Amino acid sequence: MINKFVVSTCADILKEVFIGKNPADVHLSYFFKKNRNLGSHDRSNIAEIFYGVIRNKRYLEEIVQDENPKKMILVYLMVMLGKSVRELTPVLNDDEVEWLQNKKSNKQIIKSWPVKLSLPDWIWEKLIKQFSEKELIMLAQSLLVPAQLNLRVNTLKDKSRNEVINDLKESFPQHERLILPTIYSPIGISLPRGTAINKHSLFLNGNIEVQDEGSQILSFLLSPGRGQMVADFCAGAGGKSLAMSSIMKNTGRVYAFDISERRLANLKQRLKRSGGSNIMMQRIANENDLKIKRLKGKFDRVLVDAPCTGLGTLRRNPDLKWRQTQKSLSELIDKQGAILSSASTLCKKGGYLVYATCSLLNDENEMIVENFLSVNKNFTTISVKAALEKHGIELDCENYLKLFPNIHKTDGFFGALLERID
């Protein structure tokens, strides 16, 4: 049941998000940490409404004709969740009852697709050059639907995917029919979002890690082998480093490079749980760090999961579309080219290089790769389809890996597989 506390609290947090520079999840996490005694039901309702309004922000603003968080919440509850004015009366004052009834009686006709689908005009204009209007509408609609929770089974441990699924079904009988193997990744599991697994013994013992199926597929695309030297150039918190470690059966060496000490510290904790021992964490100042130059030509495999706009992850991070701009995109494009160029020097002859993003934009994907290949004749593309088939992954792609939530039920991902031939 929606109560006044939930609505007013959610409005206060949204107000901070709208005027602040921090990501939405930071604001919400800060609130929950300050209010640890809050009941699980209220927490769930606040989070649901909070992210629902952010996902549909532009559409709600058009109806409200204002950036008033409480009014946007009320319209979201009425229009998006189908609540009646009568159901909402306990959280309304007299003026709000009249205002909401007026909105219901005088339904606004919105013809603009970017407004209806809550995308900034500049993003819509970029994407309409890549997709037909029908394709883009379906893609944009899928980005408004919250993502399922995906897990990766750690093959360094003693439980198979089927065993883990059976254990999870016993732990969450209410979700039994919804705990399923992922469609493409041979080591992935899909669960309903919000399933509490962070205190589950499977998680604490390192049998499972939270990782989107698309991210899992990128690790298979690189195809790291036993005993090889592998570089994860933008490792972040190390999800792909851990996945590659398991594919390599804890042999060889994975170098996890990142500029953030905090993210690498997070990887250290995850590594301890995983049982892996072949990951070396390396903090670097930037892509031109001396540590990179000293390792030139040493690696069999190099993964560049480049910093990007993250527009493929809007199901999970809906505020990104409001935080990114054409200026930030231009800055990212320059950075992506520089990172790919530097990372490529690590690759030995015959080695593989994967360039990947969780963006939907050609500017960050094909264009970066094609520009790189135009000045680096010692690299060539390899068939993505053939590389993935070796791992039993069947995807209808050839030159590039392209994943979309409306088609593949994953986050949006791009991947290019390159080989150094000279």
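Everything discussed here concerns the structure shown above.
Rules and cut-offs
- Residues numbered from 1 in each chain as written.
- Predicted model: local features only at pLDDT ≥ 70, side-chain atom pairs only at ≥ 80, totals over all residues.
- Heavy atoms only, no water.
- Buried < 20%, exposed > 50% of the residue type's maximum accessible area, 1.4 Å probe, protein only.
- Helix = DSSP H or I, 4+ residues; strand = E, 2+ residues; numbered from the N terminus.
- Pairing = 2+ DSSP bridges.
- 1 Å grid on protein atoms, 1.4 Å probe; cavity = no way out; pocket = protein on both sides within 12 Å on 5 of 7 lines; lining within 4 Å.
- Points joined across faces, edges and corners; volume = space filled by probe spheres on them.
- Nonpolar A, V, L, I, M, F, W, Y, C, P; charged D, E, K, R; others polar.
- Core = buried A, V, L, I, M, F, W, Y, C linked by side-chain atoms within 4.5 Å.
- Contact = heavy atoms within 4.5 Å.
- Polar contact = N/O pair within 3.5 Å; in protein donor to acceptor, adjacent residues only side chain to side chain.
- Salt bridge = Lys/Arg side-chain N within 4 Å of Asp/Glu carboxyl O.

So, on to the pairing of strand β8 (residues 299-305). Of all 7 residues that make up β8, 7 are buried, and the element is covered over most of its length. Both strand β5 (residues 229-232) and β8 contribute to a ladder of 3 bridges, which runs parallel. Directly across from A231, in β8, lies its bridge partner V302. Here 6 bridges tie β8 to strand β9 (residues 347-357), and the two strands are oriented parallel to one another. Counterpart to R301 in the pairing with β9 is Y352.

Here the second largest pocket defines a volume of roughly 320 Å³. What lines the second largest pocket is a set of 19 residues, and nearest its centre among them are Q148, S190, R315, P405 and K409. Breaking the lining of the second largest pocket down by element, the ones donating at least two residues are β2 (180-181) and α21 (405-408). For the lining of the second largest pocket, the leading source of residues is α21, giving 3 residues. A class-by-class count of the residues in the lining of the second largest pocket yields 7 nonpolar, 7 polar and 5 charged.

Right, let's talk about the nonpolar core for a bit. The biggest cluster of nonpolar side chains holds 40 residues, and the ones touching the most others in it are I49, F50, V53 and I73. Looking at this core, the elements with two or more residues in it are α1 (4-19), α2 (24-34), α3 (40-55), α4 (57-64), α5 (69-80), α6 (85-88) and α7 (94-105). For this core, the element with the most residues is α1, which contributes 8 residues. Once residues lying within four places of it in the same chain are set aside, the contact partners of I73 are V7, C10, A11, L14, I49 and V53. One finds V254, I279, V354 and A387 within the second-largest nonpolar core, a separate group that totals 36 residues.

So, about the side chain of D363. By secondary structure assignment, the location of D363 is in the loop between β9 and α19 (366-375). Of note is the side chain of D363, whose polar atom sits 2.9 Å from the side chain of K126. The residues contacting D363, other than those within four sequence positions of it, are K126, I333 and I368.

A separate point is the pattern of salt bridges. A side chain with one charge can pair with a side chain of the opposite charge if their charged atoms come near. Inspection of the entire model under this criterion finds 20 salt bridges. Across the pair R315 and D411 runs a salt bridge, and its minimum N-O distance is 2.9 Å. With R315 in the loop between β8 and α17 (320-323) and D411 in the loop between α21 and β12 (413-420), this residue pair connects regions lying 96 residues apart in the sequence. A single burial state applies to R315 and to D411, both of which are buried. Between K402 and E366 there is a salt bridge, with the nearest N and O atoms lying 2.5 Å from each other.

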